Amino acid sequence: MKNEDTTVNGVRISGAAGGDEQGTRAIDLPSGGRAEVRKGYGRDLMRAQRAAAGGDASAVVFALIAEVTQVDGRKIVYEDVLEMDLADVMALQAEVIDENFDRPPQRASQASSNPDSQSRT
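Residues numbered from 1 in each chain as written. Predicted model: local features only at pLDDT ≥ 70, side-chain atom pairs only at ≥ 80, totals over all residues. Heavy atoms only, no water.

A.B. asks: Lay out the overall build of the chain with the relevant residues and their values.
C.D. replies: Along its length, the chain carries five helices and six strands. When its helices and strands are written in sequence order, the chain yields β-β-β-β-α-α-β-β-α-α-α. The burial tally for the chain puts 27% of its 121 residues in the buried class. Sequence separation of at least 24 residues holds for 43% of the intrachain contacts in the chain that already meet a minimum separation of 6. For the chain, the exposed surface amounts to about 8200 Å²; the carbon and sulfur share of it is 49%. (Helix = DSSP H or I, 4+ residues; strand = E, 2+ residues; numbered from the N terminus. Buried < 20%, exposed > 50% of the residue type's maximum accessible area, 1.4 Å probe, protein only. Contact = heavy atoms within 4.5 Å. Areas by Shrake-Rupley, 256 points an atom, 1.4 Å probe, with all protein chains shown as cover.)

A.B. asks: Give a description of the confidence of the model for the chain that names residues and reports values.
C.D. replies: Taken residue by residue, the chain gives an average pLDDT of 78. The fraction at 70 or more is 63%. Note that pLDDT drops below 50 for residues 13–20; the model gives that stretch 14 contacts with residues more than four away or on any other chain. (pLDDT = per-residue confidence, 0-100.)

A.B. asks: An account of the environment of Ala26 is requested, with residue identities and associated values reported.
C.D. replies: Inspection of the secondary structure puts Ala26 in strand S3 (residues 24–28). As a C-alpha pair, Ala26 and Gln70 span 44 residues in sequence and 9.4 Å in three-dimensional space. Setting aside residues up to four positions removed in sequence, Ala26 forms contacts with Arg34, Ala35 and Glu36.

A.B. asks: Run through the side chain of Arg38, naming residues and quoting values.
C.D. replies: Within the secondary structure, Arg38 sits in strand S4 (residues 34–38). The exposure class of Arg38 is buried, given its relative accessible area of 15%. At 2.8 Å, the side chain of Arg38 forms a polar contact with the side chain of Asp44. At 3.2 Å, the side chain of Arg38 forms a polar contact with the backbone oxygen of Glu67. (Polar contact = N/O pair within 3.5 Å; in protein donor to acceptor, adjacent residues only side chain to side chain.)

A.B. asks: Break down helix H2 (residues 57–68) for me, with residues and values.
C.D. replies: For H2, which comprises twelve residues, the first-to-last C-alpha distance of 17 Å matches the rise-based estimate of 16 Å (1.5 Å per residue) to within 8%. Here H2 has its buried residues at Ala59, Val60, Ala63, Leu64, Ile65, Ala66, Glu67 and Val68. (Expected span 1.5 Å × (residues − 1).)

A.B. asks: Tell me what's going on with the pattern of salt bridges, and back it up with residues and numbers.
C.D. replies: Note that side chains of opposite charge can pair when their charged atoms are close. Taken as a whole and assessed by the stated rule, the structure comprises six salt bridges. Close ionic contact of Asp44 with Arg38 constitutes a salt bridge, the shortest N to O distance being 2.8 Å. Asp44 is paired through a salt bridge with Arg47; the nearest N and O atoms lie 3.5 Å apart. A residue pair is termed a helical-turn pair when its members lie 3 or 4 positions apart in one helix, as Asp44 and Arg47 do in helix H1 (residues 42–51) at three residues. Taking the relative accessible area as the measure of exposure, Asp44 reaches 0% and is therefore buried. (Salt bridge = Lys/Arg side-chain N within 4 Å of Asp/Glu carboxyl O.)

And the structure:
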């Protein structure tokens, strides 16, 4: 087995490929760095919740960013996210939230689909 094939719980831990790995996106950070954000899994959320003991939702998001992100080819940890420039954090937060939390489809308004709501003449 090659080093680049070593995984733990399905996550590549050595020789991780850049943006060509399926589910990984590369983004340029406002500070000039380059981040690679991989697709998240339930285990990532579980680790993030453990790292952010206390249940603060913002802390969980920061910890989730750390779980799924590498910056300039280096794995980061929760404390690294806390020390990042705000613009970088905001860019990573948008990337992680948009990719991992699908928004439900817009429902048709009740008024247009409810025959009782139509005006009567």
